[in-house]
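Summary of the model geometry
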Amino acid sequence: MPSTLVCASDAPAMNTADPLLEVRDLKVHFFTRDGVVRAVDGVDYSVNRAETLGIVGESGSGKTVSSLAMLRLVPPPARTMGGQVLFEGEDLLAHTPKQMAALRGRRIAMIFQNPATSLNPIYSVGAQLSEILMWHEKASRRQAEERVVELLGLVGISDPGARLRQFPHELSGGMKQRVGIARALMCNPSLVLADEPTTALDVTIQAQILELLADLQARFRMSMVLVTHDMGVVARMATRITVMYAGRVCETADAGTIFSAPQHPYTRALLDSMPRIDQSYSGSARKTLPTIAGRPPNLLNPPPGCRFHDRCPEAMPECRKMMPVETTIAPGHSVSCLRRGSTGVAA
Amino acid sequence: MAIETATLNAVQRAPGVWRQSWYRFRRNRAGMLGLGLVTLVVVVALIAPFVAPFEPTDQSAMLRGAARRPPDAIHWLGTDRNGYDVFSRLLYGARTALLVGLGAMTIASLIGVIIGGIAGYAGGMTDELLMRFAEFFMVIPVFIVILAVVRLFGIVVVGTWMEDIPNLNLLTIIVLLGCFEWPPIARMARAEFLRLRNAEFVEAAVCIGTPRRDILVRHILPNALPSLIVLVALGIGGAILAETMVSFLGFGDPKAVSWGQSLYFNYEALKVAPWAVLAPGGALFCTVLGFNLLADGLTDAFNPRLRQ
Amino acid sequence: MTALLDVESLSKHYPVHQRRLFRARIRSEIRAVHNVSFRIEEGQTLSLVGESGCGKTTTARAILNLVEPTDGIVRFMGEDVVPIFREGDRARVLGIRRSLQYVFQDPWLSLNPRWTIGETLKEPLRVHRPDEPARWNARVEELLEMVGLEPHHAWRYPHEFSGGQRQRVGIARALAVEPKLLILDEPVSSLDVSVRAQILNLLAEIQDRLGVAYLYISHDLSSVRFISSHVAVMYLGKLVEIGAVDEVFTNPRHHYTRALLSAIPVPEPGAAQTRIVLQGEVPSAMRRPTGCPFHPRCAAALPVCAEIEPMLEPPSGGHGIACHNPA
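Source: prediction; values computed, not measured. (Residues numbered from 1 in each chain as written. Chains lettered and ligands numbered in written order. Predicted model: local features only at pLDDT ≥ 70, side-chain atom pairs only at ≥ 80, totals over all residues.)

1. Quick notes on the environment of C:Arg114
Residue and element names in this part refer to chain C. Condition: Strands are runs of DSSP state E lasting at least two residues, helices are runs of H or I lasting at least four, and both sets are numbered from the N terminus onward. Counting other C-beta atoms within 10 Å of its own, a residue is labelled buried from 20 upward, exposed at 12 or fewer, and partly exposed in the gap between, with every C-beta atom placed from the backbone.
Mapped onto the secondary structure, arginine 114 falls in the loop between β6 (100-103) and α4 (117-128). According to the C-beta neighbour criterion, arginine 114 is partly exposed, with 18 such atoms within 10 Å. Between the alpha carbons of arginine 114 and glutamate 68 there is a distance of 29 Å; along the sequence they are 46 residues apart.

Next up, the structure:
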């Protein structure tokens, strides 16, 4: 039965600064044959308790790499070159690999983009989920399986007892992603990192999964980082939004502000360039979407100053020379743009 | 101004796929070593008649009682039990080895690409039949067939015109090797044609109305070549090794100068005149190693994503 | 006026074989596309939307004869093209191919990696204008300019280009021989948001300039709204709703269309959007429900929906739906 509900993402922004996770000046560089690619170049953001931070950006903006770096999972030839990742007060970048392994999946869990490849095809659903609990919490198989059944029920899988013995290939895409979500929740993590969790799914299934995630997040008051390129998805899910471009943060604000009063020219241009389903384009007034001229910079050799200046409609000569620093312009709203009063440092 | 722009664009013209592969290959040490070894063998084969101090059939040392002499100033690698100059025969052996390797693999590639290509592109029943046919060839013990055919042929041709064909035995071996080495190439060609037949750029060509022959020759084959070249390079080494084994067992061509033959003649004198065995053995080792390393390097160069 | 493209009861069924050692036994069939009818007038854009596996791409491929339709008539410029392709008379096939071109979804796969852009663009000219090779270069330059690239790009290889630029090349190749109808198979879904807008603008501009008709296939409803004049919604191989784009988007009458539209997250937080979340998933085409294929997920299903398959009346410019109990 279809259920009809009204949008739930109207939770007020958590202004009380209670950051669960703080990323400061994170830098990740790829060392390729052609040179150093500064995929993430001084990124700051924070996630408060019980909120969802949406990180949006196009491919190559560094959104995925920065979230992987948080978990110390960047693959070679990439290396984390600096910065801090403070999670519940501990700097994750200073942790030993062993400490990180104990933390991943227990206190910070991940939901992956492609449910088809993120589950191991040769183990049953029950086996690979209960293993997590047996490993992190030293639970017995019996206890672990009980918890798996409970969680599978929680993520909306019917007849969880029977699903335990099924293998990933016996499940549909949407079911697999539900299992992926159950896996992330196994140890009651305080932070869930979801990287494009619905991109591989069809729209009607995407709607189901987003509803499930919003519901679970509200129920367990967990924090979530949602990495996506889809403005619609963040609008539906996020409390606050960070917009990234070419390895840097453009703008961070609560979701309402990003959509109603975006400040950074890139955020504005990005929002304008999307066709909308609730607007008519036929008739005489047809048919040019505002676009962003040019294309994203090659990060082997990024433009000097502001990364966006050569595509920016509002660029001024200083934008070439000065790198804008993220500056708070209103409570909870920070922008890095010289036009919006950011201070700049010489490039 | 116009000229300037033109030259600028010419300079900017980026490397094509082949040249990129070469850039990658150049950075692969083992591959470059293989290429060096193979080049060496090719050069030796080309210049053998000009630099070899003796004719490969020259047994005069025997008459002088200088057989099985260790290396000295006249015979740089010594002489063997038949009085041949080991160095000269080493040089000439490179020609035979390359002839066998290239000849056999040319035949094998032709058969393999045609059969595999047809199977992959046509699909269905044709594919089934051709691949069962290929499997049939794969289960035949090549070696025994070669030995039997060479021996039989040697008897059959006596007294016929075919007796006059020079190096008949060697040709037989080459043709037989070619006829039995094609199934791996056919399999690879089939897999590649099958993959490329459904590639979007091939479908795009179908939509344009490109004739089928053009699709096969201009779209599919060039994209299938890299994997086939790797197999052929590997196969050359294999064919050389196979010919050596046949010769070593005494079924080789008595008139051809081959490393295997030298091993066959001299292995009994290993203790007395080790140079006569070590030299062709070493040459063989280097040649086969060269082709294998080359193939390995080519794999990496053509498929950069396989290895990080 | 005859329509440019008139598809009538097009079907593509795939037999499902169970392999035995020596014989293949047909067990059942998958109805990838079943009884699909629509028309496209000159210079119009019809969008075919639906979720993965609904048969929209198969429909396009059947029109192009990349797969042979099981049944139905595809009338293009007044001629039924299915028998022409089947007989394979080269001159006639080329005549159709030239006016009916395809732009592929993935610009990374649809260009031959070993050819320069110039060679790729010359291919249609070589096939369709073999007698005037002297003019090929000029035409390539013209095409590159038309899609917003530069003449010297003709010397480059596909791997040097970004996704958006490659898609421009794909469009230029399709336009090379002045087709009447372009079939665009998810041309922007693999591109970034900002590039997407550029390509959509380019497509709109080309249509205004050349009057070419589009069959636009997509699951991305916002781009459909932008580009098309008409839209057809598919579910499990069947058209469920068809009509003018504004009509369908503002007044969807099939329950599936309504759910599909409401499932799209709107970039506006807190938008007072009535969200219909469909339960369950699209059944596999092998286990197609009886009656209306949508009835197991439909909130407004009546008993009759499980028994009798609702038919889509031949759309004669109006708004057609296949539903017993429309909204």
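So, next bit.
2. Let's talk about the nonpolar core
The condition is simple: Put simply, a nonpolar core is a cluster of buried Ala, Val, Leu, Ile, Met, Phe, Trp, Tyr and Cys residues tied together by C-beta atoms within 7 Å. The contact criterion used is a C-beta to C-beta distance within 7 Å, with each C-beta placed from the backbone.
With 265 residues, the main nonpolar core has A:Val225, A:Val234, C:Leu181 and C:Leu215 as its most contacted residues. The element best represented in this core is helix α5 (residues 86-122) of chain B, accounting for 16 residues. Beyond its immediate sequence surroundings of up to four residues, A:Val225 is in contact with A:Val47, A:Leu53, A:Ile55, A:Ser67, A:Leu191, A:Leu193 and A:Ala194.

3. Observations concerning helix α3 (residues 29-51) of chain B
Keep this limit in mind: Given a residue, its bend is the angle between the two axes fitted to the seven residues that end at it and to the seven that start from it.
Most pronounced at B:Ala45, the bend in α3(B) amounts to some 40 degrees, and the proline B:Pro49 follows within four residues. When we look at burial in α3(B), the residues that qualify are B:Gly31, B:Gly34, B:Leu37, B:Val38, B:Val41 and B:Val44.

4. A few points about the interface of chain B and chain C
Here is the rule: Asp, Glu, Lys and Arg are counted as charged, while Ala, Val, Leu, Ile, Met, Phe, Trp, Tyr, Cys and Pro are counted as nonpolar; the rest, among them Gly, fall into the polar class.
Listed per partner, the contact involves 19 residues of chain B and 26 residues of chain C. Elements represented by at least two residues in the side of chain B that touches chain C include exactly α9 (200-208) and α10 (212-248) of chain B. Ranked by residues supplied to the side of chain B that touches chain C, first place goes to α9(B) with 8 residues. Looking at side-chain class alone, the side of chain B that touches chain C contains 10 nonpolar, 6 polar and 3 charged residues.

5. Here's the deal with unusual backbone geometry
Residue and element names in this part refer to chain A. Residue proline 77 follows proline 76 across a cis peptide bond; omega there is 5 degrees. Summarising the element assignment, proline 77 is placed in the loop between α1 (63-70) and β5 (78-87). Backbone geometry places aspartate 159, a non-glycine residue, at a positive phi of 55 degrees. Inspection of the secondary structure puts aspartate 159 in the loop between α5 (141-154) and α6 (160-163). For asparagine 188, which is not glycine, the phi dihedral falls at a positive 50 degrees. Within the fold, asparagine 188 resides in the loop between α7 (173-185) and β8 (191-195).

6. Topic: the packing of α5(B) against helix α6 (residues 124-139) of chain B
Residues and elements named next belong to chain B. Going by this rule: In this analysis an axis means a line fitted to C-alpha atoms, helices contributing only their contacting stretch, and an angle means the value between N-to-C directions, from 0 to 180 degrees. Reported orientations rely on four angle classes, namely roughly parallel under 35 degrees, roughly antiparallel over 145, roughly perpendicular from 65 to 115, and oblique for the rest. A clockwise turn of the near helix away from the far one marks a right-handed crossing, whereas an anticlockwise turn of less than a right angle marks a left-handed crossing.
Put simply, α5 and α6 touch, their axes get as near as 7 Å, and they point 150 degrees apart. Put simply, α5 runs roughly antiparallel to α6. α6 is crossed by α5, and the crossing has left-handed handedness. When α5 is examined against α6, the residues Ile115, Ile118, Ala119 and Ala122 are found in contact with a partner set consisting of Gly124, Thr126, Asp127, Leu130, Met131 and Ala134. Across the contact of α5 with α6, the residue classes break down as 7 nonpolar, 2 polar and 1 charged.

7. Examining the pairing of strand β9 (residues 223-228) of chain A
Residue and element names in this part refer to chain A. Here is the rule we go by: Strand pairing requires that DSSP identify at least two bridges connecting the strands. For the handedness criterion, the strands are oriented away from the viewer, and a crossover whose path from the first strand over the helix to the second runs clockwise is classed as right-handed.
In terms of residue burial, β9 counts as a mostly covered element, since 6 of its 6 residues are buried. The alternating pattern of β9 places Ser223, Val225 and Val227 on one face and Met224, Leu226 and Thr228 on the opposite face, and all of these are buried. Pairing between strand β4 (residues 52-56) and β9: 5 bridges, direction parallel. What sits directly across from glycine 54, in β9, is leucine 226. By the bridge criterion, 5 bridges tie β8 to β9 in an arrangement that is parallel. Bridge pairing links leucine 193 to valine 225 in β9. Regarding topology, helix α8 (residues 203-220) serves as the crossover connection from β8 to the parallel β9, and that connection is right-handed.

8. Points about the sheet that holds β4(A)
Residues and elements named next belong to chain A. The sheet built from 8 strands is open, its strands ordered β7-β8-β9-β4-β10-β11-β14-β13 with mixed pairing. Pairing within the sheet leaves two strands with one partner each, and these edge strands are β7 (108-111) and β13 (327-330). In this sheet, neighbouring strand axes are inclined to one another by 20 degrees on average, regardless of whether the strands run parallel or antiparallel. Across 4 bridges, β7 lies against β8 in parallel orientation. Each bridged residue has a counterpart across the sheet, and for alanine 109 the counterpart in β8 is valine 192. Sheet strands touched by α1: β4, β8, β9 and β10 (240-245). Its angle to β9, the strand with the most contacts, is close to 145 degrees. Against the sheet, α7 touches β7 and β8, its axis set at about 175 degrees to β7.

9. Thoughts on the sheet that holds strand β9 (residues 230-235) of chain C
Residues and elements named next belong to chain C. Pairing is mixed across the open sheet formed by 7 strands, whose spatial order is β6-β7-β8-β3-β9-β10-β12. What marks the edges here is a single partner per strand, and that holds for β6 and β12 (320-321). By the bridge criterion, 6 bridges tie β9 to strand β10 (residues 238-244) in an arrangement that is antiparallel. Of the residues in β10, the one forming a bridge with histidine 230 is alanine 244.

10. Some words on the domain arrangement of chain A
Put simply, an interface is often sized by how much accessible area is lost when its parts join up. All names here are of chain A. The test is simple: For each domain, the first and last residues come from an automatic or database assignment.
Its domain assignment divides chain A into domain 1 (21-107 + 192-274 + 290-346) and domain 2 (112-186). Between the C-alpha centres of domain 1 and domain 2 there is a distance of 30 Å. At the junction of the two partners, domain 1 supplies 15 residues and domain 2 supplies 14 residues. Of all the secondary structure elements, the ones that give two or more residues to the side of domain 1 that touches domain 2 are β8 and α8. Take the side of domain 1 that touches domain 2: its biggest share by element is 6 residues, from α8. A per-class count over the side of domain 1 that touches domain 2 returns 9 nonpolar, 3 polar and 3 charged.

11. Section: the interface of chain A and chain C
Contact residues are listed per partner, giving 47 residues for chain A and 44 residues for chain C. Of all the secondary structure elements, the ones that give two or more residues to the side of chain A that touches chain C are β1 (3-5), α8, α9 (231-237), α10 (255-260) and α11 (265-272) of chain A. The element that contributes the greatest number of residues to the side of chain A that touches chain C is α8(A), accounting for 7 residues. Of the residues that constitute the side of chain A that touches chain C, the class distribution is 21 nonpolar, 17 polar and 9 charged.

12. Examining the confidence of the model for chain B
Note the threshold: pLDDT runs from 0 to 100 and stands for how confident the predictor is about each residue.
Across chain B, the average pLDDT comes to 84, with 93% of residues at 70 or higher. Here the prediction assigns the complex a pTM of 0.83, and the interface score ipTM is 0.82.

13. Remarks on the packing of α7(A) against α8(A)
Residues and elements named next belong to chain A. Between α7 and α8, whose axes approach to 10 Å, the crossing angle comes to 15 degrees. With respect to each other, α7 and α8 are oriented roughly parallel. When you trace α7 past α8, the crossing you get is right-handed. Packed against α7, whose contacting residues are Gly173, Gly174, Gln177, Ile181 and Leu185, the element α8 presents Ile205, Gln208, Ile209, Leu212, Leu213 and Leu216 at the interface. Split into classes, the residues belonging to the contact of α7 with α8 amount to 7 nonpolar, 4 polar and no charged.

14. Here we look at the arrangement of the chains
Across the 2 pairs of chains in contact, the largest number of contacts is found between chains A and C. Looking at chain A next to chain B, you find no contact at all, with the nearest C-alpha pair sitting 9 Å apart.

15. Side note on the pairing of strand β3 (residues 45-49) of chain C
All names here are of chain C. Counting buried positions along β3 gives 5 out of 5 residues, so the element sits mostly inside the fold. Along β3, one buried face is formed by Thr45, Ser47 and Val49 and the opposite face, lined by Leu46 and Leu48, is buried too. As paired elements, β3 and strand β8 (residues 213-218) share 5 bridges and run parallel to each other. Within β8, the position partnered with serine 47 by the bridge is tyrosine 216. Examined bridge by bridge, β3 and β9 share 4 bridges and lie parallel to one another. Each bridged residue has a counterpart across the sheet, and for serine 47 the counterpart in β9 is valine 231.

16. Brief notes about the confidence of the model for chain A
Residue and element names in this part refer to chain A. Averaged over every residue, the pLDDT of chain A is 85; the share at 70 or more is 93%. Highest mean pLDDT in chain A belongs to β10 (94); lowest belongs to β1 (38). Contacts from residues 1-16, a stretch scored under 50 in pLDDT, to residues over four places away or in other chains number 38 contacts.

17. A closer look at helix α5 (residues 136-146) of chain C
In an α-helix, one turn spans 3.6 residues; hence positions three or four apart end up facing the same way. Residue and element names in this part refer to chain C. Our working definition: Starting at the helix axis, one direction is taken to each C-beta atom, and the arc is that of these directions.
Taken together, the buried positions of α5 are occupied by Val140, Leu143 and Leu144. Summarising the axial view, the buried residues of α5 lie within an arc of 100 degrees, below the 170-degree limit, and thus occupy one face. Counted as exposed and oriented over 90 degrees from the buried face of α5: Ala138 and Glu145. Buried residues in α5 make contact with α4 and α6 (163-175). Of the residues one or two after α5, glycine 148 is the one with positive phi, at around 85 degrees.

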